[in-house]
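Understanding the architecture of this molecule
Residues per chain, in single letters:
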Amino acid sequence: MEQPFSQVLPFVRRSKVIDEVDVGALLSDHADIREMCDRVEALADRLLEAPDHDERSAIADLIQSRFRKHVEITSRFLDRVFAGEQLRVGAGMLRRILLEQVAIGMHAEDVGEMLREKGVDDSRTDMLSYMLRCLFDGCRRLLDYEELAFLYLGARRYTPGARMTLEQALDQLIEIVERIFFRELFSPSVRRRHEVPKP
């Protein structure tokens, strides 16, 4: 199977200003991937209801097309913005992104093949559910890491508008995480676990 991403970036100095066009295309793609993750998570939650083959095949097509597009867009962003940079810490961060994309891309292909099977019996439902959850969890963590890494590595090269756009995206992410954290923290089940027994 052809690996989805194998580009090697030559890190020699060639700085470039990062503008709203660069950031906008990247964040639009990230929004598409996050929407895909929501749909994959919804399917994983419904596997016991035995969704039909057409629905599973449609999700398989979505996973593979969206992630391949993500790899292409990230590749163009890296080549346009960071290729040619003499980065010490940054080179390792970017290589981690590339390796994570390869790993998730290969996993996405395996998930797609399993979703397209004519029938998934009960003995394989748990396996498919686990694979789906690994996929959307891995994708979400990758996007978070990419956005934080690009903000850090771009440093002062962002235009004011580009930096604001990227920071707003990260602020929204933090707000979502905080809402989930506090919702879980103050859920009835958590409160019961931390209640002091009455004498």
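Residues numbered from 1 in each chain as written. Predicted model: local features only at pLDDT ≥ 70, side-chain atom pairs only at ≥ 80, totals over all residues. Heavy atoms only, no water.

1. Considering the overall build of the protein
- Each helix and strand counted, the protein has 6 helices and 0 strands in total.
- Starting at the N terminus and ending at the C terminus, the protein contains elements arranged as α-α-α-α-α-α.
- At a minimum sequence separation of 6, the contacts of the protein that also span at least 24 residues come to 83%.
- Carbon and sulfur atoms form 55% of the exposed surface of the protein, whose accessible area is close to 12000 Å². (Helix = DSSP H or I, 4+ residues; strand = E, 2+ residues; numbered from the N terminus. Contact = heavy atoms within 4.5 Å. Areas by Shrake-Rupley, 256 points an atom, 1.4 Å probe, with all protein chains shown as cover.)

2. Observations regarding the nonpolar core
- With 26 residues, the main nonpolar core has M36, I63, L115, L132 and C139 as its most contacted residues.
- Broken down by secondary-structure element, the contributors of at least two residues to this core are α1 (20-45), α2 (53-81), α3 (89-115) and α4 (122-154).
- Among the elements that take part in this core, α4 stands out by supplying 8 residues, more than any other.
- Not counting the four nearest positions on each side in its chain, I63 is found in contact with M36, V40, A108, V111, L115 and L135. (Core = buried A, V, L, I, M, F, W, Y, C linked by side-chain atoms within 4.5 Å. Buried < 20%, exposed > 50% of the residue type's maximum accessible area, 1.4 Å probe, protein only.)

3. Things to note about the state of the cysteines
- Per the counting criterion, the structure on display carries 0 disulfides.
- Of all cysteine sulfurs in the structure, the one in C139 sits closest to C37, which takes part in no disulfide; the separation is 4.5 Å. (Disulfide = S-S within 2.5 Å.)

4. Looking at the pattern of salt bridges
- According to the stated counting rule, one finds 14 salt bridges in the structure shown.
- Between R66 and E35 there is a salt bridge, and its shortest N-O distance comes to 2.9 Å. A residue pair is termed long-range when its members are at least 10 positions apart, and R66 in helix α2 and E35 in helix α1 qualify at 31 residues.
- When its relative accessible area of 33% is taken as the criterion, E35 is described as partly exposed. (Salt bridge = Lys/Arg side-chain N within 4 Å of Asp/Glu carboxyl O.)

5. So, the side chain of E109
- Here E109 lies in helix α3.
- Note on E109: relative accessible area 15%, which makes it buried.

6. Comments concerning the confidence of the model for the protein
- On average, residues of the protein score 78 in pLDDT, and 74% of them are at 70 or above.
- The element-level mean pLDDT for the protein is lowest in helix α6 (residues 188-193), coming to 43, with α2 highest at 92.
- Across residues 184-199, confidence stays below pLDDT 50; counting only partners more than four residues off in sequence or on other chains, it has 3 contacts. (pLDDT = per-residue confidence, 0-100.)

7. Brief notes about the environment of R56
- Tracing the backbone shows R56 in helix α2.
- Looking at R56, the relative accessible area reads 5%, which means it is buried.
- In sequence terms R56 and R116 are 60 residues apart; their C-alpha atoms lie 6.4 Å from each other.
- Discounting residues that sit within four places of it in the chain, R56 has contacts with P51, M114, L115, E117, K118, G119 and V120.

8. A look at the packing of aromatic side chains
- Enumeration over the complete set of coordinates arrives at 1 aromatic pair.
- Its guanidinium or amino end placed over the ring of Y145, R96 lies 4.1 Å from that ring's centre, counting from NZ or CZ. (Phe/Tyr/Trp six-rings, centres within 6.5 Å; stacked < 30°, edge-to-face > 60°. Lys NZ or Arg CZ within 6 Å of the ring centre and 35° of its normal.)

9. Things to note about α1
- When the terminal C-alpha atoms of α1 are compared, their 37 Å separation across 26 residues agrees well with the 38 Å that a helix rising 1.5 Å per residue should span.
- For α1, the set of buried residues is D22, V23, L26, L27, D29, H30, I33, M36, C37, V40, L43 and A44. (Expected span 1.5 Å × (residues − 1).)

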